[in-house]
Amino acid sequence: MKVTLERKNEDYLFEAKGASGNSVMIDNKTGAVVQGSSPMELLLMGVGGCSAIDIISILKKQKLEIDSYHVEVEGDRKEVGQAKPFSAMRVHVYLEGDVPQAKALRAAQLSFEKYCSVSITLQAGVDITYKVFLNGEEVE
């Protein structure tokens, strides 16, 4: 896997492209005009996107209908020298549809524990937890 970044202005704006040819704008969030996501925001988005694709795929294979899907990912950072890496991430998955609670929870478990390459890559240094909400209620 390979990505490229090309500087787009006199400051910190970059256009990143992967093999698919799709691009993402990356910028320094401390600038006067921010035109892209920060690298740390992209990490949170990666966890949310990876798990979303897994969960939807697992439920679709079971012929279950998902009316809407929304995910929120929040990260806690710690100071390590000059850097501020994530120490923890909390993922809240919100599903709407005719999906049995046990299957929604199992899909999330499979994603975070077996399939999501992004969260599995980060798990050695970041405590990633998740909650599933189905039709407005937390699934336990």
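Procedures and definitions
Residues numbered from 1 in each chain as written. Predicted model: local features only at pLDDT ≥ 70, side-chain atom pairs only at ≥ 80, totals over all residues. Heavy atoms only, no water. Pairing = 2+ DSSP bridges. Helix = DSSP H or I, 4+ residues; strand = E, 2+ residues; numbered from the N terminus. Axes fitted to C-alpha atoms, helices over the stretch in contact; angles between N-to-C directions. Contact = heavy atoms within 4.5 Å. Buried < 20%, exposed > 50% of the residue type's maximum accessible area, 1.4 Å probe, protein only. Expected span 1.5 Å × (residues − 1). Phe/Tyr/Trp six-rings, centres within 6.5 Å; stacked < 30°, edge-to-face > 60°.

Colleague: Describe the sheet that holds strand E6 (residues 127-134), naming the residues involved and giving the relevant values.
Modeller: The four strands lie next to each other as E4-E5-E6-E7, forming an open sheet whose pairing is mixed. Edge strands, defined here as strands with exactly one partner in the open sheet, are strand E4 (65-77) and strand E7 (137-139). In this sheet, adjacent strand axes meet at a mean angle of 25 degrees when their direction is disregarded. Pairing analysis gives three bridges linking E6 to E7, with the strands arranged antiparallel. The partner of Val132 across the bridge, within E7, is Val139. Running over the sheet, helix H2 (residues 101-115) touches strand E5 (86-98), E6 and E7 and is turned about 160 degrees from E6.

Colleague: Could you give me a rundown of the environment of Ala52, with the residues and numbers involved?
Modeller: Counting through the fold element by element, Ala52 comes out in helix H1 (residues 39-61). By relative accessible area, Ala52 is classed as buried at 13%. When the C-alpha positions of Ala52 and Val71 are compared, they lie 7.5 Å apart, and in sequence the two are 19 residues distant.

Colleague: Please set out H2 residue by residue, giving values where relevant.
Modeller: The end-to-end C-alpha separation of H2 is 20 Å, in line with the 21 Å expected for 15 residues at 1.5 Å each. Those residues of H2 hidden inside the fold are in contact with H1, E5, helix H3 (117-122), E6 and E7.

Colleague: An account of the packing of aromatic side chains is requested, with residue identities and associated values reported.
Modeller: Any pair of aromatic rings gets described here by the distance separating the centres and the angle formed by the planes. Scanning all chains against the criterion turns up two aromatic pairs. Measuring from centroid to centroid gives 4.8 Å for Tyr94 and Phe133, while their planes differ by 15 degrees, and the two rings are stacked. Taken together, the residues Tyr94 in strand E5 and Phe133 in strand E6 connect sequence positions 39 residues apart. Summarising the aromatic geometry, the rings of Phe112 and Tyr130 are spaced 4.7 Å apart at their centres and angled 10 degrees between planes, so their arrangement reads as stacked. Taken as a pair, Phe112 in helix H2 and Tyr130 in strand E6 lie far apart in primary sequence, 18 residues in all.

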